[in-house]
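Read off the chains here:
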Amino acid sequence: MELEVSELSVARGGIPVLEGLNFRLAAGHALILRGPNGIGKTTVLRTIAGLQPPLAGRISLDRETMTYAAHADGLKATLTVEENLSFWAAVFGTGGIDAALDGFALRDLRARPAGALSAGQKRRLGLARLLVTGRPVWVLDEPTVSLDVEAVAMFVRAVRAHLAGGGMALMATHIDLGLDEAAVLDVGPFRARAAQEDHFDEVFL
Amino acid sequence: MIALLMRDLRLAMRAGGGFGLGLAFFLIVVTLVPFGVGPETGLLARIAPGILWLGALLACLLSLDRILALDWEDGSLDLLATSPLPLEGIVTMKALAHWITTGLPLVIASPLFAVLMSLPGAGYAPLVLSLLLGTPALSVIGTFGAALTVGIKRGGLLLSLLVLPLYVPTLIFGAEMARRGAEGADTTTPMLMLAGISAGVIALLPFASAAVLRVNLR
Amino acid sequence: MNLNALWEYANPLKFMRTTERALPYFWVAAVVCLVVGLVWGFFFTPDDFRQGSTVKIFYLHVPSAMMAINIWVMMLITSLVWIVRRHHVSALAARAAAPIGAVMTVIALATGAIWGQPMWGTWWAWDPRLTSFLILFLFYLGYIALWEAIENDDTAADLTAVLCLVGSVFALLSRYAVNFWNQGLHQGASLSLDKKENVADVFWFPALVSIAGFVLLFIALVILRTNTEIRARRMRALLARERLG
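Keep in mind the model is a prediction, meaning the values are calculated, not measured.

Quick look at the overall build of chain C
Here is step 1 of the chain: In terms of helices and strands, chain C carries 6 helices and 0 strands.
Here is step 2 of the chain: When the helices and strands of chain C are placed in sequence order, the string is α-α-α-α-α-α.
Here is step 3 of the chain: Across the 245 residues that make up chain C, the buried fraction comes to 48%.
Here is step 4 of the chain: In chain C, the proportion of contacts linking residues at least 24 apart, taken out of those at least 6 apart, comes to 77%.
Here is step 5 of the chain: Within the structure as shown, chain C displays about 12,100 Å² of accessible surface, and the carbon and sulfur contribution to it stands at 69%.

Below, the structure is given as structure tokens:
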């Protein structure tokens, strides 16, 4: 399996932000997108995950192969850690949540309502969800926000295990994860240029 | 999909889930009406079917903005949209959860409230039946409204403005059925129309709800 | 005629150029028709033997009521064109038409009330047609409010288009429900193209002229408003591009 993105252009709020993006991601590999704030990394990730249509270009894998995680973890404050994870396991039709609980050291917290967790613990729970989806391509938007050093190490271990199992990871992040085997792509050069001449045409700009 | 339904029901039962709010609102409406129109039993009996239907409709309306907005805010909706569940199924389950937590309790409690409104004895069965047939349509139409306004901050008022005109046919046939029942007249025609609206809405509207939700998510 | 050539006008610039050239003619035609139709109707037709001169409000009431419904139909069609062919002009035309439709509905309701007062002895009755128009007005309000509430133009166009589709179905349902709920006071359709024996010719010709006037007025207004929407849309796009740098 290989994720191939060719000539991808994406728009935010109707305005093209990035264009002509090309990359390949083979099974067992990770790719980190970098670039200044507001360049459109989130938009690219949402497009690849199938949440919004691309302006142009091709994404070789179906959205059914991907799982997406962003700033919001989708946790329900009044459900316990275990209930939150079991729900996603049931939605994705996968089995147990034990690996996820262990992978992010949540076993001791399993009976605690998600609302009573600290910000870092919530994030860990949000990332643990990735393990119960059973999907091969992880699409991650700033996965390490509010994680401490130890938790970042946990995350990197989880990514490595995922890659070793033939998975892929595509992420946008600013910090250095210590995930040295990951390729890095700077999206800065793909910033969409304003149309050269001003056709006042079908799309407004 | 069952997991989604169970989660929503569990959330509604937990603290702050809003279960029973609609019922309490219904009770307050029924309590306030006699203060507004006077305690005369004959008058109350005559307007009872309409007031009970209106109360049920407003109680439904009250909780519509929770159907999708909470999942939107915490990001669950994004994650659900990328899950194997079809969006049409998601909105149907959301509507079903809303009906079970809001509509069904209203149906079950309506005979009690009918006593407060001095509904004539013949009217009880048609009232309960009309609410049972009509409230699912209210939940499904409400979910469509919630899907339309999910991305709008403080969209509650707009949601009411959009949804209330859509409630007109359901209200007319539902209240008409309850009224004819209370007068001892034949309720077949409004009952069939009401059932038809509910069935049509349940079958078709989730596609529109899913379509607008998809637009709102992108 | 090659129908495909029509889609060329979906280009905003082409649409604006063509319509702005035609706009003055529409204005003139609208004003002429309205003045002729209304003056003829008000001053040069005999009074009705039962209704007296009150019947003459008919020349405002009937055209505005027809427009109130037809404008919604036009919005439905342009919404469908937007959904199927993604022509921005189409979505903006629907947006531009909605407030005009709302005003037509208000005119129909107000003239109806003024006519109804001497005829039925009441300003308002829950007559099925009056009620349906009130509901139609609520649909217009919701549609306009949804456009206003959403910042992203394409999102707003998509959502309002779906609302227009769903709303049309429910508006029809409401019409039948309201008929079922109350058989009313209204006289039957007093004007249709094939059954003109309903009203005498003397009333009918000025009414037709005044209907033509309303249609032309609507066309002129909708062209003006659509072009305004196109410019406003372009300005927002320019500002957004500037912000992005």
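Looking at helix α8 (residues 156-182) of chain B
Residues and elements named next belong to chain B.
Here is step 1 of the chain: In α8, a bend of some 40° at Y167 exceeds every other bend along the element, and P169, a proline, comes one to four places later.
Here is step 2 of the chain: With 19 of 27 residues buried, α8 lies mostly within the body of the structure.
Here is step 3 of the chain: Immediately downstream of α8, the backbone of G184 shows phi near 75°, a positive value.

Quick look at the UniProt feature "transmembrane region" (unreviewed entry) in chain B
Here is step 1 of the chain: According to UniProt, the "transmembrane region" (unreviewed entry) feature falls on residues 12-37, 43-64, 96-118, 124-150, 157-178 and 190-213 of chain B.
Here is step 2 of the chain: End C-alpha atoms of residues 124-150 of chain B are separated by 37 Å, and the span's content is 96% helix alongside 0% strand.

A few points about the sheet that holds strand β2 (residues 15-26) of chain A
Strand pairing in a sheet relies on backbone hydrogen bonds. The paired strands run either parallel or antiparallel.
Residue and element names in this part refer to chain A.
Here is step 1 of the chain: Pairing is antiparallel across the open sheet formed by 3 strands, whose spatial order is β2-β1-β4. In this open sheet, the two strands that pair with only one neighbour each are β2 and β4 (56-59). Between one strand and the next, the sheet's axes are offset by a mean angle of 20°, whatever the strand orientation.
Here is step 2 of the chain: Strand direction decides the pairing type here: strand β1 (residues 2-12) and β2, joined by 8 bridges, are antiparallel. Note that in β2 the partner of E2 across the bridge is A26.
Here is step 3 of the chain: Here helix α1 (residues 41-48) sits on the sheet in contact with β1, β2 and β4, set at roughly 125° to β1.

Digging into unusual backbone geometry
Residue and element names in this part refer to chain A.
Here is step 1 of the chain: Phi is positive for S146, close to 65°, though the residue is something other than glycine.
Here is step 2 of the chain: Tracing the chain through its elements places S146 in the loop between β6 (137-141) and α5 (149-164).
Here is step 3 of the chain: A residue is classified by how much of its surface remains accessible, and S146, at 43% relative accessible area, is partly exposed.

Here's the deal with the interface of chain B and chain A
As a measure of interface size, the accessible area lost when the parts come together is often cited.
Here is step 1 of the chain: Taken together, the contacts link 23 residues of chain B with 25 residues of chain A.
Here is step 2 of the chain: Buried surface at the junction of chain B and chain A, summed over both partners, amounts to about 2,100 Å²; 61% is from carbon and sulfur atoms.
Here is step 3 of the chain: The three residues of chain B that bury the most area against chain A are L79, T82 and P84 of chain B, which together make up 29% of that side's buried surface.
Here is step 4 of the chain: Between chain B and chain A we count 4 salt bridges in total.
Here is step 5 of the chain: Between D71 of chain B and K76 of chain A there is a salt bridge whose closest N-O contact spans 2.4 Å.
Here is step 6 of the chain: Applying the counting criterion to the chain B and chain A interface returns 8 residue pairs in polar contact (both at pLDDT 80 or more).
Here is step 7 of the chain: Contributions of two or more residues to the side of chain B that touches chain A are made by α1 (2-13), α4 (66-73) and α5 (76-81) of chain B.

Here's the deal with the side chain of Q121 of chain A
All names here are of chain A.
Here is step 1 of the chain: With respect to the helices and strands, Q121 occurs in helix α4 (residues 119-133).
Here is step 2 of the chain: You can call Q121 buried: its relative accessible area is 18%.
Here is step 3 of the chain: Discounting chain neighbours no more than four positions away, the residues touching Q121 are L106, L109 and R112.

Structural notes on the sheet that holds strand β3 (residues 30-34) of chain A
All names here are of chain A.
Here is step 1 of the chain: A sheet is described by the order of its strands in space; here 5 strands give the open sequence β5-β6-β7-β3-β8, paired in parallel fashion. Edge positions in the sheet fall to β5 (66-69) and β8 (183-186), since each of these pairs with one other strand and no more. Mean inter-strand twist for the sheet, computed between neighbouring axes without regard to direction, equals 15°.
Here is step 2 of the chain: The pairing of β6 with strand β7 (residues 168-172) spans 5 bridges and is classified as parallel. Residue W138 lies in a different strand from β7, and its bridge partner there is A169.

Overview of the nonpolar core
Side chains of a nonpolar character, in soluble globular proteins, are inclined to be buried together.
Here is step 1 of the chain: Ranked by internal contacts, the top residues of the largest apolar core, which has 186 residues, are L3 and F155 of chain A, F144 of chain B together with M75 of chain C.
Here is step 2 of the chain: The dominant element in this core, judged by the number of residues it contributes, is α8 of chain B, at 13 residues.
Here is step 3 of the chain: Once residues within four sequence positions are removed from consideration, F155 of chain A is found in contact with F104, L127, L140, P143, T144, L147, M171 and L177 of chain A.
Here is step 4 of the chain: If you look at the next biggest cluster of nonpolar residues, it comprises 9 residues, including V55, F58, Y59 and A207 of chain C.

Brief notes about a nonpolar patch on the surface
Residue and element names in this part refer to chain C.
Here is step 1 of the chain: On the surface, a cluster of nonpolar side chains totalling about 950 Å² of accessible area is made up of V28, V31, V32, V35, V36, V39, W40, F43, F44 and F205.
Here is step 2 of the chain: In terms of residues, the nonpolar patch owes the most to one element, helix α1 (residues 12-43), which gives 8 residues.
Here is step 3 of the chain: If you trace the backbone, V35 turns up in helix α1.

Rules behind the numbers
- Residue indices begin from 1 for each chain and proceed along its sequence in written order.
- Chains carry letters and ligands carry numbers; both start at the beginning, A for chains and 1 for ligands, and go up in the order they are written.
- Per-residue local features are limited, in this predicted model, to residues with pLDDT of at least 70; the limit for side-chain atom pairs, both in listing and counting, is 80 or more; totals at the level of whole chains, interfaces and linings are taken over all residues.
- Only hydrogens and water are removed before side-chain values are computed, so all heavy atoms of the structure are retained for them.
- Helix and strand assignments follow DSSP, with helices taken as H or I runs no shorter than four residues and strands as E runs no shorter than two, numbered in order from the N terminus.
- Only protein chains enter the area calculation, which uses a 1.4 Å probe; residues under 20% of their type maximum are buried, those over 50% are exposed, and those in between are partly exposed.
- In what follows, residue pairs with any heavy atoms lying within 4.5 Å of each other are defined as contacts.
- The Shrake-Rupley method, run with a 1.4 Å probe sphere, supplies the accessible areas, and residue values consider only the shown protein chains as cover.
- The term bend refers to the angle at a residue between two fitted axes, each drawn through seven residues, those ending there and those starting there.
- UniProt positions are given in the numbering used here, feature names are shortened, and annotations may be inferred rather than shown by experiment.
- For two strands to pair, DSSP has to find at least two bridges joining them.
- To obtain each axis, a line is fitted to C-alpha atoms, and for helices this fit is confined to the stretch in contact; angles are then taken between N-to-C directions over 0 to 180 degrees.
- Put simply, buried area is how much 1.4 Å-probe accessible surface two parts lose in total, over both of them, once they are put together.
- Salt bridge criterion: a side-chain nitrogen from Lys or Arg within 4 Å of a carboxyl oxygen from Asp or Glu.
- Counting of polar contacts relies on pairs of N or O atoms within 3.5 Å, with two restrictions inside protein: one atom must be capable of donating a hydrogen and the other of accepting it, and residues adjacent in sequence are counted only when both atoms are side-chain atoms.
- Residues belong to one nonpolar core when they are buried, are Ala, Val, Leu, Ile, Met, Phe, Trp, Tyr or Cys, and are joined through side-chain atoms within 4.5 Å.
- Patches here: salt-bridge-free residues with over 30% relative accessible area, like charges joined within 9 Å, nonpolar side chains (Val, Leu, Ile, Met, Phe, Trp, Tyr) joined within 5 Å.

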